[in-house]
Amino acid sequence: QVWLAESGGGLAQPGGSLRLSCAVSGSRFTISSVAWYRQAPGKQRELVAQSAVRGSTIYDPSVVGRFTISPDSAWNTFHLQMNDLKPEDTAVYYCQSDTDMGSYWGPGTQVTVSS
């Protein structure tokens, strides 16, 4: 079993920054990729950023140049640095990881961007 838990959500003003973190725990698993998704009210969950152990990283076009995904060296913690936040970034953010034991999700953390 693998568990993921997000931290760092909250309220930010437009143009502000937040840093989300995701801790991955469990036993005897190998991570192949980590990712952040978000779901705004009334919308489908969408991929924000994904980073693979083999080296590829992708971002949704709406966050390029503003958000950065960064796993630590052991890949058991990863972060999403969010700069120049916009009201349309308001959503519940979920961390996700693909492992050799399956795909796992965190419970989500609310990010609200408002003045």
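The structure reproduced in this document is the subject of the present report.

Cut-offs and rules
Residues numbered from 1 in each chain as written. Predicted model: local features only at pLDDT ≥ 70, side-chain atom pairs only at ≥ 80, totals over all residues. Heavy atoms only, no water. Helix = DSSP H or I, 4+ residues; strand = E, 2+ residues; numbered from the N terminus. Buried < 20%, exposed > 50% of the residue type's maximum accessible area, 1.4 Å probe, protein only. Polar contact = N/O pair within 3.5 Å; in protein donor to acceptor, adjacent residues only side chain to side chain. Contact = heavy atoms within 4.5 Å. Pairing = 2+ DSSP bridges. Axes fitted to C-alpha atoms, helices over the stretch in contact; angles between N-to-C directions.

We now examine the side chain of Ser51. Along the chain, the position of Ser51 falls in strand S5 (residues 46-52). Relative accessible area serves as the criterion here: at 6%, Ser51 is assigned to the buried category. Within the structure, the side chain of Ser51 is placed 3.4 Å from the side chain of Thr57, a separation counted as a polar contact. If we ignore the near neighbours within four places in the chain, the residues touching Ser51 are Ser33, Val34, Ser56, Thr57, Ile69, Pro71 and Trp75.

Here we come to the sheet that holds strand S7 (residues 67-71). Read across the sheet, four strands follow the order S1-S3-S8-S7 without closing on themselves; strand pairing throughout is antiparallel. In the strand order of this sheet, the two ends are held by strand S1 (2-7) and S7, each with one partner. Across the sheet, the mean angle separating the axes of adjacent strands is 15 degrees when strand polarity is ignored. As paired strands, S7 and strand S8 (residues 77-82) are joined by five bridges and run antiparallel to one another. Looking at the pairing, Ser70 lines up with His79 of S8.

This paragraph deals with the environment of Gly8. Structurally, Gly8 is set in the loop between S1 and strand S2 (10-12). Residue classification places Gly8 among the partly exposed positions, given a relative accessible area of 34%. Taking the C-alpha atoms as reference points, Gly8 and Asp100, 92 residues apart in sequence, are found 27 Å from one another.

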